[in-house]
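# Secondary and tertiary structure notes
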Amino acid sequence: MKVMKAMSLAQAGLMIGVLSMSAAMAETSTNAAANAPAATPLKKKKKIIQKKAITRAGVVTKKTAKEDHLTSPQSSAISAATATSSMPGLTAGASTAEAPKALQKKRFIDNVRAGVLLEYYGASISDPLSGWQTDKDDGYAQGGASQELDTRVSLGYALSSNLTVMANAYFWSYSDSPDGADKGETFGFRPADSYLQLKVGKFYQSGKFKWSGDFRMYPGLGKSYPNRVVYLRTGQNLSYAMSSRWTLAAYNTIRYYHMTNGAYDSANDPSGNKVDTIVTVGPAIEYQMLDSVGLSLSFNDAYAHTHNNNTYGTAETYKGSAWGAYFELGSSIDFTKSINLNPYIDMFTHTFNAEAMQIGANLNFTIL
């Protein structure tokens, strides 16, 4: 009996100990549960964080793709000098404390555009120092027109990243005598066809294809064209990048001459072949040999419409051999970010020989 009683007391003590430990563990679990956040809100918070991360990633990807799609508006050798240069050293010395470009307030002067273009119409490649342009009619090295250096001074304002308005003052400088006997010893300088221009960096772009151009208005000023009211011109440039270096392009223009009735009367237009519209086409293939040097080969031809006779034909038929078809082998050389040279050789199909091949060049200075 004593033994059983002792065992009962031991068992009772053991049970009390177990109960005490259970109560302590329960109390600890209760306190922990009270202090810990609920399981369900933790899962929701994790989902929200993941969703925000995905959304941010999507925005970044979309923005990058859009920026990659916007390419330089640049479309011709003459305008290549205005493209942003990636040459080292142009940004050297810039302070790291400056605000990001996107956050800087744009000033009026930042949108002003200014430049000077010199256009040289030279001599034959067989007689470069003759002082005379080539004879497109008969294929001789010396024709009836002296060499010419034209000057264009441009000032404008960028309305947006795609549209720029420009005023272009044009001047002719040439050497000639009234009868041509002095072989270009008399120098002349006079105003030419100045004009207003709206440049369009991009009409349309899709993938590797781009369509750009401009619109020009030439007021009928001066004594050179007494019967001209206004002359309108639009350039329509198409390009397709076959690779990083090869490009197919077409530089086309449409010209319309609005004249007074007197321009087409029998005294001024006895044959009825005076034109009012000219369309030029210029398919080309271009090769970017270096970052600053490009080569091109183009074919250029012009077609016209007569006002009185209402006929269509090549511009050469109505306006003479200077408007004839020709091949042009040219290049574009960027000396600096602001200076571009565009030398070329024109080879007229009507007189396809070395003597009639003419040298020319454009030198473009970008000031602003």
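So, here's what we can say about the structure. (Residues numbered from 1 in each chain as written. Predicted model: local features only at pLDDT ≥ 70, side-chain atom pairs only at ≥ 80, totals over all residues. Heavy atoms only, no water.)

### Considering the overall build of the protein chain
What counts here: Runs of E in the DSSP output that reach at least two residues are strands. Runs of H or I that reach at least four are helices, and both are numbered from the N terminus. Accessibility here uses a 1.4 Å probe with only protein chains present; expressed as a share of the type maximum, an area under 20% marks a residue as buried, one over 50% as exposed, and anything in between as partly exposed. Note on definitions: a residue-residue contact is assigned when non-hydrogen atoms from the two residues lie within 4.5 Å. Per-residue and other accessible areas follow the Shrake-Rupley method at a 1.4 Å probe size, with only the shown protein chains counted as cover for residues.
Counting its secondary structure elements, the protein chain contains three helices and 15 strands. Across the 368 residues in the protein chain, those meeting the buried criterion constitute 30%. Sequence separation of 24 or more characterises 54% of the internal contacts of the protein chain that already satisfy a separation of 6 or more. Split by element, the accessible area of the protein chain, about 23,600 Å² in all, is 63% carbon and sulfur.

### As for a nonpolar patch on the surface
Stated precisely, the cut-off is as follows: Each patch is assembled from residues with relative accessible area greater than 30% and no salt bridge, linking like charges that lie within 9 Å and nonpolar side chains (Val, Leu, Ile, Met, Phe, Trp, Tyr) that lie within 5 Å. We count a salt bridge whenever a side-chain nitrogen from Lys or Arg sits within 4 Å of a carboxyl oxygen from Asp or Glu.
Residues Tyr240, Met242, Trp246, Leu248, Ile285, Leu297, Phe327, Leu329 and Phe352 make up a contiguous nonpolar surface patch of about 820 Å² in total accessible area. Taken together, the elements giving at least two residues each to the nonpolar patch come down to strand E8 (246-259) and strand E13 (326-334). Within the fold, Met242 resides in the loop between strand E7 (228-241) and E8.

### Remarks on the side chain of Ser130
Basically, it comes down to this: Identification of polar contacts relies on pairs of N or O atoms within 3.5 Å, with a donor-acceptor requirement for protein atoms, meaning one able to donate a hydrogen and the other able to accept it, and with residues adjacent in sequence counted only if both atoms are side-chain atoms.
Assignment of secondary structure puts Ser130 in the loop between strand E1 (112-124) and strand E2 (148-158). Polar side-chain contacts of Ser130 include one of 3.2 Å to the backbone nitrogen of Trp132. The contact partners of Ser130, leaving out residues within four places of it in the chain, are Ala123, Gln142 and Gln147.

### Things to note about the nonpolar core
Formally: Put simply, a nonpolar core is a bunch of buried Ala, Val, Leu, Ile, Met, Phe, Trp, Tyr and Cys residues held in one set by side-chain atoms that sit within 4.5 Å of each other.
In terms of nonpolar packing, the biggest core is built from 15 residues, with Tyr257, Met259, Ile278 and Ala304 touching the most fellow members. At the level of elements, strand E3 (163-175), E8, strand E9 (275-281) and strand E11 (293-306) are the ones that each hand at least two residues to this core. In this view, Ile278 contacts Thr253, Ile254, Arg255, Tyr257, Ala302, Tyr303, Ala304, Lys319 and Trp323; residues no more than four positions away in its chain are not counted.

### Quick look at unusual backbone geometry
Located in the positive-phi region is Asn310, a residue other than glycine, with phi close to 55°. Tracing the backbone through its elements, the reader meets Asn310 in the loop between E11 and strand E12 (312-314).

### Here's the deal with the side chain of Thr306
Take Thr306: it is sitting in strand E11. Engagement of the side chain of Thr306 in a polar contact is seen with the backbone nitrogen of Asn310, the distance being 3.2 Å. Of note is the side chain of Thr306, whose polar atom sits 2.8 Å from the side chain of Thr311. Not counting residues up to four positions away in its chain, the partners in contact with Thr306 are Gly272, Asn273, Lys274, Val275, Thr311 and Tyr318.

### Examining the environment of Leu196
Positionally, Leu196 belongs in strand E5 (residues 195-206). Measuring from C-alpha to C-alpha, the distance between Leu196 and Tyr218 comes to 6.7 Å, with 22 residues separating the pair along the chain.

### Some thoughts on the pairing of E1
Keep this limit in mind: Pairing between two strands is assigned when DSSP locates at least 2 bridges connecting them.
Pairing analysis gives 10 bridges linking E1 to E2, with the strands arranged antiparallel. Directly across from Leu117, in E2, lies its bridge partner Arg152. Bridge count between E1 and strand E15 (residues 358-366): eight bridges; the pairing is antiparallel. Across the sheet, residue Leu118 finds its bridge partner in E15, namely Leu363.

### Describing the pattern of salt bridges
Evaluated as defined, the whole model comprises four salt bridges. The partner of Asp193 in a salt bridge is Arg228, and the shortest N-O contact between them spans 3.8 Å. Here the residue Asp193 occupies a position in the loop between strand E4 (187-191) and E5, and Arg228 occupies one in strand E7, the gap between them amounting to 35 residues. Across the pair Arg216 and Asp214 runs a salt bridge whose closest N-O atoms are separated by 2.8 Å.

### Overview of the pairing of E7
The pairing of strand E6 (residues 209-219) with E7 spans 11 bridges and is antiparallel. Across the sheet, Lys210 pairs through a bridge with Ser239, a residue of E7. Judged from the 13 bridges that link them, E7 and E8 form a sheet pairing that is antiparallel. Each bridged residue has a counterpart across the sheet, and for Gly235 the counterpart in E8 is Thr253.

### Some points on the packing of aromatic side chains
Under the convention used in this document: Whether two aromatic rings pair depends on their centres lying within 6.5 Å, for rings of Phe, Tyr and Trp, where Trp uses its six-membered ring; planes under 30 degrees apart make the pair stacked, over 60 edge-to-face, and the rest tilted.
Summed over all chains, the structure comprises 11 aromatic pairs. Judged by centre distance (5.0 Å) and plane angle (45°), the ring pair of Phe203 and Trp211 falls under tilted. On the accessibility criterion, Phe203 (30% relative accessible area) is partly exposed. With centroids separated by 4.6 Å and ring planes inclined at 40°, the aromatic side chains of Trp246 and Tyr287 adopt a geometry described as tilted. Of this pair, Trp246 sits in strand E8 while Tyr287 sits in strand E10 (residues 283-290); the two residues are 41 residues apart in sequence, bridging distant segments of the chain.

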